[in-house]
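Structural characterization, general
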Amino acid sequence: MDKELKKLVFATNNRHKLDEAREILAGRFEILSLTDIGCSDDIPETAPDLKGNALIKARWIYDRYGYDCFADDTGLMVDALGGEPGVMSARYAGPGHDSEANMMKLLKNMEGSADRKAHFSTAVVLIMEGKEYLFEGRVEGRIAETPGGENGFGYDPVFVADETGKRFAEMSAEEKNAISHRGRAMRALADFLDRGGLPR
Ligand code: IMP
């Protein structure tokens, strides 16, 4: 019989993120989603930055449900737009969370801009036995003039990664995860957990 793994909640119900986390942390932890712990709360994301929002989500679960847990928050920061959409990436085109509308607003705001530089950042906050830890991941790239590619989600059709010269939407999940903001932050978390929660 499999040995009982320690439970760790990932404060999300996003299938794609859960699959990715389960793959990275395979064999070390049983990763539970919000649904798995019976949480259907609309957790507020009201902080002015990614770290703050990840912290709100992780504290919400730790304080109310009593599980060791981690939470993430991601933003796309575009230089020519002064770092927008940033912490507002999911709601850039207003309430409704429509990725297509967000992307179209971004392309419109970038019209005529020669500076296309941008990066994705992810903050992951882990709370374990009451202690809080932060992990970050970042990927550099630029905003394409037009959408392209078939894969991924969100801003993937317009984000060209410097490391591959391809849009995220033109890359396989493995290729993207190997260099992506979230992949990097999640591997930093996994690395920390592998060392028994000791700083490097
Ligand atoms: P979240 O914090 O992971 O929910 O991300 C906030 C928003 O950033 C999402 O709604 C997406 O629009 C965008 N986003 C996050 N990660 C990615 C990604 O890997 N590719 C494209 N867009 C992303």
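The following paragraphs examine the structure supplied in this document. (Residues numbered from 1 in each chain as written. Predicted model: local features only at pLDDT ≥ 70, side-chain atom pairs only at ≥ 80, totals over all residues. Heavy atoms only, no water.)

What follows covers the overall build of the chain. Of the regular secondary structure elements, the chain holds five helices and seven strands. In the chain, the succession of α and β elements from N to C terminus is β-α-β-α-β-β-α-β-β-β-α-α. Rg of the C-alpha trace for the chain: 17 Å, near the compact-globule value of 16 Å for 200 residues, within the 12% margin. Structurally, the chain occupies a C-alpha span of about 55 × 30 × 30 Å along its principal axes. Considering the chain as a whole, with its 200 residues, one finds that 46% of them fall into the buried category. Residue pairs in contact within the chain that sit at least 24 positions apart in sequence constitute 53% of those at least 6 positions apart. Accessible surface computed for the chain: about 10,200 Å², of which carbon and sulfur atoms make up 50%. (Helix = DSSP H or I, 4+ residues; strand = E, 2+ residues; numbered from the N terminus. Rg over C-alpha atoms; globule rule 2.2 N^0.38 Å. Buried < 20%, exposed > 50% of the residue type's maximum accessible area, 1.4 Å probe, protein only. Contact = heavy atoms within 4.5 Å. Areas by Shrake-Rupley, 256 points an atom, 1.4 Å probe, with all protein chains shown as cover.)

Mapped onto the elements of the fold, Asp19 is located in helix α1 (residues 15-24). By relative accessible area, which is 43% here, Asp19 ends up partly exposed. Between the C-alpha atoms of Asp19 and Leu126, which are 107 residues apart in sequence, the distance is 18 Å.

Attention now moves to the packing of aromatic side chains. Enumeration according to the criterion identifies six aromatic pairs in this entry. On the basis of an interplanar angle of 25° and a centroid distance of 4.4 Å, the ring pair of Phe10 and Phe70 is categorised as stacked. Of this pair, Phe10 sits in strand β1 (residues 6-10) while Phe70 sits in strand β3 (residues 69-78), placing them 60 residues apart in sequence. Both rings, one in Tyr133 and one in Phe192, keep their centres 4.6 Å apart while their planes meet at 50°; by these two values the pair is tilted. Here Phe192 lies in helix α5 (residues 181-194) and Tyr133 lies in strand β6 (residues 131-143), a separation of 59 residues in the sequence. In this structure Tyr133 comes out as partly exposed when scored by relative accessible area, which is 23%. (Phe/Tyr/Trp six-rings, centres within 6.5 Å; stacked < 30°, edge-to-face > 60°.)

The immediate surroundings of the ligand are formed by 13 residues, with Lys17, Asp73, Thr74, Asp156 and Lys176 found nearest. Measuring from an oxygen atom of the ligand, one finds a side-chain N or O atom of Lys17 at 2.7 Å. Asp156 places a side-chain nitrogen or oxygen 2.6 Å from a nitrogen atom of the ligand. Compared with its free state, where it exposes 470 Å², the ligand has 87% of that area covered by protein. Counting residues per element, the ones that place at least two in the shell around the ligand are β3 and α5. Counted by class, the shell around the ligand contains four nonpolar, four polar and five charged residues. (Near = heavy atom within 4 Å. Polar contact = N/O pair within 3.5 Å; in protein donor to acceptor, adjacent residues only side chain to side chain. Nonpolar A, V, L, I, M, F, W, Y, C, P; charged D, E, K, R; others polar.)

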